[in-house]
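# Structural features, examined
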Amino acid sequence: MSDLRDLYQEVILDHNKRPRNFRAIAPPNQKAEGYNPLCGDRITVYLRLNGDVIEDVAFEGSGCAISKASASLMTDALKGRTIGEADSLFNEFHHMVTAPADAPVETGRLDKLAVFAGVREYPVRVKCASLAWHTLRAALEAKHDVVSTE
Amino acid sequence: MSGLTAVSRPTAAFDVRRIRRDFPILQESVHGKPLVYLDNAATAQKPQSVIDTMVRSLAEENANIHRGVHALSERATRSFEDARAKVKRFINAADVREIVFVRGTTEAINLVAQTFGRTRLTAGDEVLISALEHHSNIVPWQLLAEQVGFRLRVIPMTDSGELRLDLYQGLLTPRTKLVSVVHVSNSLGTINPVEELVSVAHERGIPVLLDGAQAVPHLKVDVQALDCDFYAFSGHKMFGPTGIGVLYGKRTLLESLPPYQGGGDMISSVTFEKSEYNVVPYKFEAGTPNITGAVGLGAAIDYLEGLDWPAVQEYEHELLAYGTERLSALTGVRILGTAASKASVLSFVMEHVHPHDIGTILDQEGVAIRTGHHCTQPVMERLGVPATARASLAFYNTRDEIDTLVAALGKVQEIFT
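Residues numbered from 1 in each chain as written. Chains lettered and ligands numbered in written order. Predicted model: local features only at pLDDT ≥ 70, side-chain atom pairs only at ≥ 80, totals over all residues.

## Description of the overall build of chain B
Condition: Think of it this way: any DSSP run of H or I at least four residues long counts as a helix, any run of E at least two long counts as a strand, and we number them from the N terminus. Our radius of gyration looks at C-alpha atoms and nothing else; its globule reference is 2.2 Å times the residue count to the power 0.38. Partly exposed residues are those falling between the two cut-offs: more than 12 but fewer than 20 other C-beta atoms within 10 Å of their own, whereas 20 or more means buried and 12 or fewer means exposed, with C-beta atoms placed from the backbone.
Helix and strand content of chain B: 14 helices and 17 strands. By the compact-globule yardstick of 22 Å for 417 residues, chain B fits well, its C-alpha radius of gyration being 22 Å. Over its C-alpha atoms, taken along the principal directions, chain B stretches across nearly 75 × 55 × 40 Å. Classification of the 417 residues of chain B by burial places 50% in the buried group.

## So, the overall build of chain A
For the record, the criterion: Residues are defined as contacting one another if the C-beta atoms placed from their backbone atoms lie within 7 Å.
Along its length, chain A carries five helices and three strands. Going from N to C terminus, chain A has its helices and strands arranged as α-α-β-β-β-α-α-α. In terms of overall size, chain A behaves like a compact globule, its C-alpha atoms giving a radius of gyration of 15 Å where 150 residues would be expected to give roughly 15 Å. Principal-axis analysis of the C-alpha atoms gives chain A an extent of 50 × 30 × 25 Å. Within the span of chain A, comprising 150 residues, buried residues form 41% of the whole. For chain A, the share of sequence-separated contacts (at least 6 apart) that also reach a separation of at least 24 residues comes to 61%.

## Some points on the sheet that holds strand S2 (residues 41-50) of chain A
Residues and elements named next belong to chain A. Definition in use: Each pair of strands is called paired provided DSSP finds at least two bridges between the two strands. The axes are straight lines fitted to the C-alpha atoms, using for helices just the contacting stretch, and the angles between their N-to-C directions are given from 0 to 180°.
Judged by pairing direction, the sheet is antiparallel, and its three strands sit side by side in the order S1-S2-S3 without closing on themselves. Edge strands, defined here as strands with exactly one partner in the open sheet, are strand S1 (30-36) and strand S3 (53-62). The average undirected angle you get between the axes of adjacent strands in this sheet is 20°. Sheet topology places S1 next to S2; seven bridges connect them, and they run antiparallel. Counted as the bridge partner of lysine 31 is tyrosine 46 from S2. Helix H3 (residues 65-78) rests against S2 and S3 of the sheet, and its axis sits at about 165° to S3.

## Details of the pairing of strand S5 (residues 126-130) of chain B
Two faces, one strand: in a regular strand the side chains alternate between the faces of the sheet. Residue and element names in this part refer to chain B. Cut-off, in case you're wondering: For crossovers, right-handed means that the path from the first strand over the helix to the second runs clockwise, given strands pointing away from the viewer.
Among the five residues that make up S5, four are buried, leaving the element largely enclosed by the rest of the structure. Bridge count between S5 and strand S6 (residues 151-155): five bridges; the pairing is parallel. Counterpart to valine 127 in the pairing with S6 is leucine 152. Read as a crossover between parallel neighbours, the route from S5 over helix H5 (residues 139-148) to S6 is right-handed.

## Notes on the interface of chain B and chain A
The line we're drawing: Under the convention adopted here, Pro, Cys and the residues Ala, Val, Leu, Ile, Met, Phe, Trp and Tyr are nonpolar, Asp, Glu, Lys and Arg are charged, and Gly plus all remaining residues are polar.
On the side of chain A, 14 residues touch chain B, which itself brings 15 residues to the contact. Listing elements by their share of the side of chain B that touches chain A, those giving two or more residues are helix H12 (355-364), strand S16 (370-372) and helix H14 (399-416) of chain B. Sort the elements by how many residues they give to the side of chain B that touches chain A and H12(B) lands first, with five residues. Its residues placed into classes, the side of chain B that touches chain A shows five nonpolar, nine polar and one charged.

## Thoughts on the sheet that holds strand S14 (residues 345-350) of chain B
Residues and elements named next belong to chain B. As summarised here, the arrangement of the four strands in space is S13-S14-S17-S16, forming an open sheet in which the pairing is antiparallel. At either end of the open sheet lies a strand with only one pairing partner, and these are strand S13 (333-336) and S16. Pairs of neighbouring strands in the sheet enclose a mean axial angle of 30°, with direction left out of account. Note: S16 against strand S17 (residues 388-392), three bridges, orientation antiparallel. The partner of glycine 372 across the bridge, within S17, is threonine 388.

## Comments concerning the packing of helix H11 (residues 309-328) of chain B against H14(B)
All names here are of chain B. To keep it simple, the criterion reads: Should an angle lie under 35 degrees it is considered roughly parallel, over 145 roughly antiparallel, and from 65 to 115 roughly perpendicular; all remaining angles are considered oblique. Put simply, a crossing is left-handed when the front helix is turned counterclockwise from the back one by less than a right angle, and right-handed when it is turned clockwise.
Contact geometry of H11 with H14 gives a least axis separation of 10 Å together with a crossing angle of 20°. With respect to H14, the axis of H11 lies roughly parallel. Crossing handedness for the pair H11 and H14: right-handed. Contacts between H11 and H14 involve Leu319, Tyr322, Gly323 and Arg326 from the first element and Arg399, Ile402 and Val406 from the second. Here the residues of the contact of H11 with H14 sort into four nonpolar, one polar and two charged.

## Section: the confidence of the model for chain B
Rules: On a scale of 0 to 100, pLDDT captures the predictor's confidence in every residue.
Confidence in the prediction for chain B averages 95 pLDDT; 97% of positions are at 70 or higher. Among the scores for the predicted complex, ipTM is 0.87 and pTM is 0.92.

## Re the environment of Ser130(A)
All names here are of chain A. As for its position among the elements, serine 130 is in helix H5 (residues 126-143). Sequence spacing of serine 130 and alanine 58 is 72 residues, and the spatial spacing of their C-alpha atoms is 16 Å. Ignoring sequence-local partners within four residues, the contact set of serine 130 consists of His94 and Val97.

## Topic: the nonpolar core
Applicable threshold: Throughout this description, the term nonpolar core refers to a group of buried Ala, Val, Leu, Ile, Met, Phe, Trp, Tyr and Cys residues whose C-beta atoms join them within 7 Å.
Ranked by size, the top nonpolar core spans 160 residues in total, and within it Val45(A), Val246(B) and Leu247(B) carry the most contacts. For this core, the element with the most residues is helix H10 (residues 291-305) of chain B, which contributes nine residues. Among all residues touching Val246(B), those that are not within four sequence positions of it are Val87(B), Ile99(B), Val100(B), Phe101(B), Val102(B), Ala108(B) and Phe233(B).

## Let's talk about helix H2 (residues 10-17) of chain A
Residue and element names in this part refer to chain A. Applied cut-off: The arc in question is traced by the directions running from the helix axis to the C-beta atoms.
Taken together, the buried positions of H2 are occupied by Ile12, His15 and Asn16. For H2, the angular spread of buried residues about the axis comes to 105°, placing them on one side. Those residues of H2 that are buried are in contact with H3.

What follows is the structure in structure tokens.
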């Protein structure tokens with residue numbers, strides 16, 4: 001049986017209560033909106049890029065503790081990273097939260113983001129943890145879209 | 001089958017322990033804890049008699065209905081049509097031909113939209129729904145409005161989740177062609193004053209559809225007393241199987257409508273030039289129906305009719321009052337939906353905790369509730385919350401289970417403070 005404290009770790013509860021980078025960026029280079037119809041979570045991710053580097057990243061929205069903390073920790077982790085690095089973090093994060101519960105936790109370069117390893121024990125909550133990341137990817141992809149309306 | 005409606009019987013003590021033995025799933029454990037099933041508004045559990053009847057139907061009389069000349073087909077046909085007769089008696093319809101089998105409430109409403117709506121509504125007309133509707137009584141009308149161009153209007157509600165009856169009359173205009181409202185709200189539990197809604201609409205010659213999905217498991221429904229023109233409900237919310245539901249319609253009204261879907265069983269003759277349609281209700285039942293489901297629904301009706309109904313209602317009422325009292329006493333918990341007339345739903349929010357987190361933590365304690373918008377996004381918007389946690393009760397739930405819910409909510413607070 002899984003322990004709830006594996007899911008609701010102190011770091012997650014802290015970022016839920018006091019989310020970092022919880023603001024808009026005006027004007028952003030890019031933004032995207034994410035929505036999880038299962039629980040009504042809504043999130044907007046804002047990006048300010050300097051060439052290939054994420055100079056600033058922030059978010060706004062409402063959601064459960066997992067989605068809010070995930071967005072908060074994501075923004076902390078991404079500042080100053082290149083788009084390529086953000087992509088590989090996304091992949092590592094996604095791999096970690098969707099791995100079978102009995103597989104060894106591979107946290108690689110995830111650092112603080114490893115606190116979400118417990119999510120794998122709660123399959124219905126994987127979407128909560130990954131909403132911010134999917135929204136980030138949408139924001140990044142919009143950058144390469146020549147007909148972007150942003 | 002008892003056939004008792006139990007309306008005039010004196011109220012006996014309701015023996016919930018005995019009732020619980022009829023539902024095998026209530027013995028299950030979840031995460032090592034006894035299951036506390038409080039998600040009855042999503043789907044209700046099934047008594048052993050329903051399970052057995054469905055198994056027997058498949059094991060002993062599986063055949064297609066209506067067309068077979070062999071014994072098994074005759075047996076299956078009889079069971080299927082017996083189920084229809086049980087439904088007719090259960091909601092006190094005047095005629096068995098007024099009972100149309102569908103997949104569920106959603107299909108029943110879509111059927112009305114695509115037959116009544118498609119032929120009776122034109123641009124500029126209005127359909128009046130309410131602020132409490134489930135998406136299934138909003139979206140079918142929006143889909144049709146895209147084709148036809150009529151207007152969907154909405155009876156507003158108060159902060160407590162009661163419909164604004166003072167505004168109702170004013171919303172009925174010469175262009176109103178149908179009133180389509182929910183009998184009992186799935187997200188807040190409000191019991192709407194449907195008799196009054198129907199009679200006021202009828203004074204203006206406007207027909208009324210009632211979405212009874214959440215009403216049939218809790219109330220004695222009499223469609224003739226309600227005088228509604230359509231009544232829709234699902235088998236699985238009244239302790240029967242999924243995939244079977246009912247559209248009741250007044251016979252003359254049903255007969256005046258075009259078919260819903262085309263196919264076998266809904267025709268009386270077919271040539272490549274033209275087809276003659278079957279009589280009601282078969283006109284609306286194209287293709288092989290959910291035979292096992294209908295038979296299971298019949299068994300659920302038998303089960304419900306075997307209960308002492310006034311005692312059931314008194315028990316449910318007390319359980320809801322107890323749950324309301326316990327939840328209200330919790331710091332930071334706010335109940336949404338405080339209508340004077342309510343059935344079996346405890347929708348709530350907790351300060352600083354998202355309903356989804358509540359749901360996960362409760363699940364670890366064996367307590368199954370629903371979290372989210374409950375397919376009523378306009379209700380959530382009206383109340384200014386993205387979602388709620390919802391505990392919904394049935395007559396097999398107990399005070400002990402409410403206590404377990406409250407203790408589990410204590411764990412939520414422990415984690416989040």
